Structures are given as C-alpha cells and as structure tokens.
Amino acid sequence: TKDSLKTADIEQVVLIGYGAKKKSDLTGSVTAVSEKEFNKGAIVSADQLIVGKAPGVRITSDGGSPDSTPNIRIRGGASLSANNNPLIVIDGVPIDNNNPAGFNNPLSLINPNDIESFSILKDASAAAIYGSRASNGVIIITTKKGVNKLSVEYNGNVSFGKASKVANVMDSDTFVKFMNEYNPTYTNLLGANGTIYNTNWQDQIFRSTVSNDHNLSLRGNIAKVLPTRVSFGYNKTEGIVKTDNLDRYTGSIKLTPSFLDNHLKIELNAKGIISEKNKIDANGVIGSALAFDPTKPIYNPDGSYFQTFNGFQ
C-alpha cells in the first residue's frame, strides 16, 4: 500500500492480484479480514483465524487432529467431481493444493502469528488475475512487515483439552447379556483364558491434553531505510487421541526497503519451518475403540499386550 494508507484502513483498502485498491473502486466481491478481527485462542493453522469471519466463506474441519484437513468453500462448490478448494496466495506466491508428505493441512505450515490480513476474492474476476486455479476463489494472505519504531512483541498461550462427551456403548456386563440372549453360539469367544474383563476402550485411547504456543517478534527500521521484521515461533499441540501430536518451529524475516523516493519498493521474504507430526488415523482409532470387544483385556498377565497387529501395538 502507499505510505498514506495506514494499517487501520484495512477495511477500506484490500489487496488483490494487481496491488492495493480501495473497496469503493472494486466491482468484484472482495472481503478483507484484518488482525484485530481474527479469532483468538489456541490457533494452530492459518485457516482457523477466519472461521466465521468472512460472509460466503465456509471453513470446516474433517476431524479433531492438530492438522486436520480444512474444507474451505467460497460461495459453495463449483464442481461435482473436480477440486473445489480456493487458491491460497501468501505474500504474492501461490501455494500448491497438494499437501506435503505426512501433513493434512498445508496452512498449518505457516505461523498464524506472522499473518497481518486476509483478502478473499469471491467472484469470477479472480480468474482474470490468477487463471483457472482461481475458479473457486482466492485467499490472499499478507504477513507482517517492519515498522518505523522498534517494537518487541511476545504472545503465548497454554490450552487444555479433553473429550467432553464420548459415545454410549455397551459395557462388559451388557455385552455379555446381549450375546447370551441373541448370539449364544458365540459366547465362547467372550473374554480371555476363561476370564471376562471389563475394558472401556474409549478411556484407553483418549487423554487430557496440554498444548503450548509461543511467539516472539522484533519489528523496526534499520538505519531508517530498511524496515525489518524477524519472528520465531514454537507450537506443540496435542490431539485428544493418544500420540496424536504436532510440534512446529518457525522462523521468518521480512525486509521491505524502498528506493527512488518510494517509487521502487522491494519485498524480501524468508521463512523456515521444522515440523514433526506423529501421523495417525484418529478417526480409525476411534471407530475401532467403539467396535472392540469390551470383555477382552488390554494386557496379558506378564504385562505384554493381549493383542498385537503384525507386531504393532
């Protein structure tokens, strides 16, 4: 944006493919969501910042894992069989819709604390800028940059979670009664080694979680000619299914110098991330816990697992 445009004017000025424009000058449908409007709390991925904040944009998740795949639809789907995801552009660079190996949500690979604003292009005019990739709309993400006055910012949060409600399934006594009444020929399969156990498998897979998010950033203007922002972030998010964890370290530096009396502006970005995800099928684990025989034990008398699957426990 021009020097005369302030951050506070984001509601009137939005970013499109050709630069910054006033909302009143745009004929297409564009929504801007600024930092002050972002969702607060334990935010893991960028899409969670704008859930429910932009009219016509529906964002849902396919599960409760730390990096669950987001389902983003701008004004609904346009195709029955093709991909309906919008194009994501971060600081002018479009990102691929293909997820990195082992990750469900590519937007979990950017630190939400580094994001300054979203501009959402909703109509067909977006295709004139970005081509056919923009047929489902465009979400433009702009990251924070340096400011004239030196500032040091830290924000962090610690969150706790647990499964507030679990599925109502038969306990061991009820299941034994059911089998005796409706499937008496299979009652010999109940229990183990002549003993009927009472195992609540949902208790065995769920846990209480503690998650942390910490971010430190420095913003300033080096020698009054080089606006700079440097940031570091750490996020450790635990899913409510045991071993479903996400650890993420992020670092970024953004330089935005201007030359020739602000007629030439250069933007240099460097972002790095180290992320470790313990990949599990949380939905499959929950489904197995609901269906597994409650009369079976977890461990053998010697402490080993009662049942393993090809050596996996």
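Below is a short write-up of the structure. It should be emphasised that the depicted structure is a prediction, and the values quoted were computed from it without experimental measurement. (Residues numbered from 1 in each chain as written. Predicted model: local features only at pLDDT ≥ 70, side-chain atom pairs only at ≥ 80, totals over all residues. Heavy atoms only, no water.)

### Notes on the overall build of the protein chain
Helices and strands together make up the secondary structure of the protein chain, namely four helices and 16 strands. Looking at the 313 residues of the protein chain, the share that counts as buried comes to 36%. For the protein chain, contacts bridging at least 24 residues in sequence account for 65% of all contacts bridging at least 6. Accessible surface, the protein chain as shown: approximately 18,100 Å² in total, 55% of it carbon and sulfur. (Helix = DSSP H or I, 4+ residues; strand = E, 2+ residues; numbered from the N terminus. Buried < 20%, exposed > 50% of the residue type's maximum accessible area, 1.4 Å probe, protein only. Contact = heavy atoms within 4.5 Å. Areas by Shrake-Rupley, 256 points an atom, 1.4 Å probe, with all protein chains shown as cover.)

### Quick word on the sheet that holds strand 10 (residues 151-161)
In space, the five strands of this open sheet follow the order 10-11-12-13-16, with antiparallel pairing throughout. Bordering the open sheet on either side are strand 10 and strand 16 (268-277), each of which pairs with just one other strand. The sheet shows a mean angle of 5° between the axes of neighbouring strands, direction not considered. In this structure, strand 13 (residues 245-255) lies alongside strand 16, joined through 10 bridges in antiparallel fashion. Its bridge partner lying in strand 16, Thr-250 is registered against Ile-273. (Pairing = 2+ DSSP bridges. Axes fitted to C-alpha atoms, helices over the stretch in contact; angles between N-to-C directions.)

### Focus: the nonpolar core
Counting residues in each nonpolar core, the largest one holds 20 residues, and the members touching the most others are Ile-50, Ile-115, Phe-118, Ile-139 and Ile-141. If you list the elements that add at least two residues to this core, you get strand 4 (57-61), strand 5 (70-74), strand 6 (87-90), strand 8 (115-121) and strand 9 (138-143). Looking at which element gives the most residues to this core, the answer is strand 8, with three residues. Core analysis: the second largest hydrophobic core is formed by nine residues, Val-30, Val-89, Ala-126 and Tyr-130 among them. (Core = buried A, V, L, I, M, F, W, Y, C linked by side-chain atoms within 4.5 Å.)

### Some thoughts on the pairing of strand 13
Walk down a regular strand and you will see the side chains alternate between the two sheet faces. Of all 11 residues making up strand 13, eight are buried, and the element is well covered by its neighbours. Where strand 12 (residues 226-238) and strand 13 come together, 11 bridges link them in antiparallel fashion. By the bridge assignment, Thr-228 is partnered in strand 13 with Leu-255. From the end of strand 12 to the start of strand 13, which pair antiparallel, there are six residues, and Thr-243 there has a positive phi angle of about 70°.

### Examining the sheet that holds strand 3 (residues 30-34)
Across the sheet, which stays open at both edges, the five strands sit in the order 3-8-9-6-7 with mixed pairing between neighbours. Only two strands of the sheet have a single neighbouring strand rather than two, namely strand 3 and strand 7 (93-95). Taking the axes of each pair of neighbouring strands and ignoring which way they run, one obtains an average angle of 25° across the sheet.

### Considerations on the packing of aromatic side chains
Tallied over the full model, the rule gives five aromatic pairs. Centroid distance Phe-38 to Phe-118: 5.5 Å. Interplanar angle 75°. Geometry classified as edge-to-face. With Phe-38 in the loop between strand 3 and strand 4 and Phe-118 in strand 8, this pair connects stretches of sequence that are 80 residues apart. On the accessibility criterion, Phe-38 (6% relative accessible area) is buried. When the centroid spacing of 5.2 Å and the interplanar angle of 40° are considered together, the rings of Tyr-299 and Tyr-305 count as tilted. (Phe/Tyr/Trp six-rings, centres within 6.5 Å; stacked < 30°, edge-to-face > 60°.)

### Details of the environment of Lys-40
If you trace the backbone, Lys-40 turns up in the loop between strand 3 and strand 4. Taking relative accessible area as the criterion, Lys-40 reaches 64% and is therefore assigned exposed. Counting along the chain gives 10 residues from Lys-40 to Ile-50, while the straight-line C-alpha distance between them is 9.9 Å.

### A closer look at the environment of Phe-259
Turning to its location among the elements, Phe-259 is positioned in strand 14 (residues 258-259). Note on Phe-259: relative accessible area 40%, which makes it partly exposed. Separated by 34 residues in the primary sequence, Phe-259 and Val-225 place their C-alpha atoms 8.8 Å from one another. Setting aside anything within four residues of it in sequence, one finds Phe-259 in contact with Leu-264 and Ile-266.

### What to know about the side chain of Thr-256
With respect to the helices and strands, Thr-256 occurs in the loop between strand 13 and strand 14. The contact partners of Thr-256, leaving out residues within four places of it in the chain, are Lys-145, Pro-227, Ile-266 and Glu-267.

### Details of unusual backbone geometry
In this structure, Asp-91 takes a positive phi of about 50° despite not being glycine. Tracing the sequence through the fold places Asp-91 in the loop between strand 6 and strand 7. Here Asn-262, not a glycine, exhibits a phi torsion of approximately 70°, which is positive.

No statement about biological role is implied by the geometric values presented.
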